[in-house]
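If you want the building blocks of each chain, they are given just below.
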Amino acid sequence: EAQVTQNPRYLITVTGKKLTVTCSQNMNHEYMSWYRQDPGLGLRQIYYSMNVEVTDKGDVPEGYKVSRKEKRNFPLILESPSPNQTSLYFCASSLYPRGGSYNEQFFGPGTRLTVL
Amino acid sequence: EDQVTQSPEALRLQEGESSSLNCSYTVSGLRGLFWYRQDPGKGPEFLFTLYSAGEEKEKERLKATLTKKESFLHITAPKPEDSATYLCAVHFRGGSNYKLTFGKGTLLTVNP
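Residues numbered from 1 in each chain as written. Chains lettered and ligands numbered in written order. Predicted model: local features only at pLDDT ≥ 70, side-chain atom pairs only at ≥ 80, totals over all residues. Heavy atoms only, no water.

**Comments concerning the sheet that holds strand β8 (residues 70-75) of chain B**
Residues and elements named next belong to chain B.
Alright, step 1. Taken together, 5 strands build an open sheet; the order of strands is β1-β3-β8-β7-β6 and the sheet is antiparallel. The open sheet is flanked by β1 (3-7) and β6 (56-59), the only strands paired with a single partner. Each strand axis lies, on average, 15° off the axis of its neighbour in the sheet, ignoring direction. (Pairing = 2+ DSSP bridges. Helix = DSSP H or I, 4+ residues; strand = E, 2+ residues; numbered from the N terminus. Axes fitted to C-alpha atoms, helices over the stretch in contact; angles between N-to-C directions.)

The following block contains the structure:
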C-alpha cells in the first residue's frame with residue numbers, strides 16, 4: 001500500500017530535550033515536505049526537499065532542522081524544543097514538480113507534539 | 001505578501017443543500033492551486049489540482065473551478081459524509097523556491 005508513515009504519532013516532551021520525528025514514504029517520490037498545523041493558523045510549511053541532499057526553508061523554519069540522506073526518509077529534528085513548537089505535524093511527499101508545478105501531495109497521519 | 005484566504009470559515013448545510021466554498025489568492029506567478037479534504041485527526045487528502053484560469057475539475061458531488069484571482073469548490077447535493085475541513089493551497093514561484101501556501105480552511109458540516 002502506497003503511504004507516508006510518521007513516528008511517533010504522539011509525543012510529550014520537555015523544553016530543551018532534542019527529538020526527531022521520522023517520516024518515510026514508499027512511493028519513490030522525490031519531493032518531501034514538513035508542515036505544522038495550529039488552530040487559527042492553518043497548515044504552514046516548515047521545510048521541503050526536492051531530492052536527496054536538497055532541502056530548502058518553508059515559511060516557518062526557525063527551530064527546526066531536516067536532512068535528506070535517503071530518498072524515502074525525511075526526518076524532522078528539533079534540537080532544543082520549546083513550548084511554542086507544540087503542534088500537529090504532517091509530513092507529505094509527491095513526485096518531483098515538473099514543468100514548474102507541484103503534483104498532488106500525499107500526507108502522513110500526523111504527529112501530535114506537546115512540549116512542556 | 002502572497003496570501004491565500006478561504007471563506008467562509010465554517011459552513012453548515014442541510015443534506016441536499018448545494019453551496020460553494022471560496023479560495024482567493026494574491027500571488028504573483030500562480031503555478032497551481034490545490035484542494036484537499038481533511039477529516040478530524042487525519043492528514044489532508046488530495047482532491048483536485050487546477051493550473052490555469054477557466055479550468056474545471058469534477059469528482060462525485062464536488063466541482064472545482066479557477067479564475068485569475070480565486071477558486072470555488074462547488075458541492076452539489078451534499079451528504080453528511082462530505083462533512084470535513086476543506087483546504088486550499090497555492091503554489092507560487094518566489095525566486096528559486098517552490099513554496100506551497102495553504103489557506104486556513106473551511107469547516108463544512110452537513111446535517112442529515
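Okay, back to it.
**Points about the side chain of E55(B)**
Residues and elements named next belong to chain B.
Alright, step 1. Inspection of the secondary structure assignment puts E55 in the loop between β5 (45-50) and β6.
Alright, step 2. At a separation of 2.7 Å, a polar atom in the side chain of E55 contacts the main-chain amide nitrogen of Y51.
Alright, step 3. For E55, the contacting residues outside a window of four places in its chain are T49, L50, A64, T65 and L66. (Polar contact = N/O pair within 3.5 Å; in protein donor to acceptor, adjacent residues only side chain to side chain. Contact = heavy atoms within 4.5 Å.)

**Examining the layout of surface pockets**
Alright, step 1. In this structure, the largest pocket encloses a volume near 660 Å³.
Alright, step 2. As for the largest pocket, its lining consists of 31 residues, and the residues nearest its centre are Q37(A), P39(A), G40(A), T85(B) and K104(B).
Alright, step 3. Taken together, the residues of the lining of the largest pocket sort by class into 10 nonpolar, 15 polar and 6 charged. (1 Å grid on protein atoms, 1.4 Å probe; cavity = no way out; pocket = protein on both sides within 12 Å on 5 of 7 lines; lining within 4 Å. Points joined across faces, edges and corners; volume = space filled by probe spheres on them. Nonpolar A, V, L, I, M, F, W, Y, C, P; charged D, E, K, R; others polar.)

**Some details on the pairing of strand β7 (residues 62-66) of chain B**
Two faces belong to every sheet, and in a regular strand the side chains alternate between them.
Residues and elements named next belong to chain B.
Alright, step 1. Within β7, 4 of the 5 residues are buried, which leaves it mostly tucked inside the rest of the structure.
Alright, step 2. In terms of strand pairing, β6 meets β7 through 4 bridges, oriented antiparallel. Bridging from a neighbouring strand, E56 pairs with T65 of β7.
Alright, step 3. What sits between β6 and β7 in their antiparallel hairpin is a turn of 2 residues, with E60 showing a positive phi close to 55°.
Alright, step 4. Connecting β7 to the next strand, β8, in antiparallel fashion are 3 residues. (Buried < 20%, exposed > 50% of the residue type's maximum accessible area, 1.4 Å probe, protein only.)

**Quick word on the pairing of β1(B)**
All names here are of chain B.
Alright, step 1. With burial as the criterion, only one face of β1 is covered, namely that bearing V4 and Q6; the residues Q3, T5 and S7 on the opposite face remain uncovered.
Alright, step 2. Examined bridge by bridge, β1 and strand β3 (residues 19-26) share 5 bridges and lie antiparallel to one another. Within β3, the position partnered with Q3 by the bridge is T26.

**Notes on the interface of chain B and chain A**
Alright, step 1. Each side of the interface is counted separately: chain B has 21 residues, and chain A has 24 residues.
Alright, step 2. Here chain B meets chain A over a buried area of about 1900 Å², counting both sides, of which 53% is carbon and sulfur.
Alright, step 3. Inspection of the region where chain B meets chain A yields 0 salt bridges.
Alright, step 4. Elements with a minimum of two residues in the side of chain B that touches chain A: β4 (30-38), β9 (84-94) and β10 (97-102) of chain B.
Alright, step 5. Counting residues per element, the side of chain B that touches chain A draws most heavily on β10(B), which supplies 6 residues.
Alright, step 6. Of the residues belonging to the side of chain B that touches chain A, the class tally is 9 nonpolar, 8 polar and 4 charged. (Buried area = accessible area lost by both parts, 1.4 Å probe. Salt bridge = Lys/Arg side-chain N within 4 Å of Asp/Glu carboxyl O.)

**Let's talk about a nonpolar patch on the surface**
Alright, step 1. The grouping of I12(A), V14(A) and L116(A) at the surface amounts to a nonpolar patch, some 320 Å² of accessible area in total.
Alright, step 2. Mapped onto the secondary structure, I12(A) falls in strand β2 (residues 10-13). (Patch = residues over 30% accessible without salt bridge, like charges linked within 9 Å, V, L, I, M, F, W, Y side chains within 5 Å. Areas by Shrake-Rupley, 256 points an atom, 1.4 Å probe, with all protein chains shown as cover.)

**Quick look at the state of the cysteines**
Alright, step 1. Within this structure, the stated rule accounts for 2 disulfides over all chains.
Alright, step 2. For C23(A), the disulfide goes to C91(A), at an S-S distance of 1.8 Å. Disulfide C23(A)-C91(A): the torsion about the S-S bond is -70°, which places it as left-handed. One end of the pair, C23(A), is in strand β3 (residues 19-25); the other, C91(A), is in strand β9 (residues 87-94), and 68 residues separate them in sequence. Here C23(A) and C91(A) have matching classes, each one buried.
Alright, step 3. A sulfur-sulfur distance of 1.9 Å marks the disulfide that ties C23(B) to C88(B). (Disulfide = S-S within 2.5 Å.)

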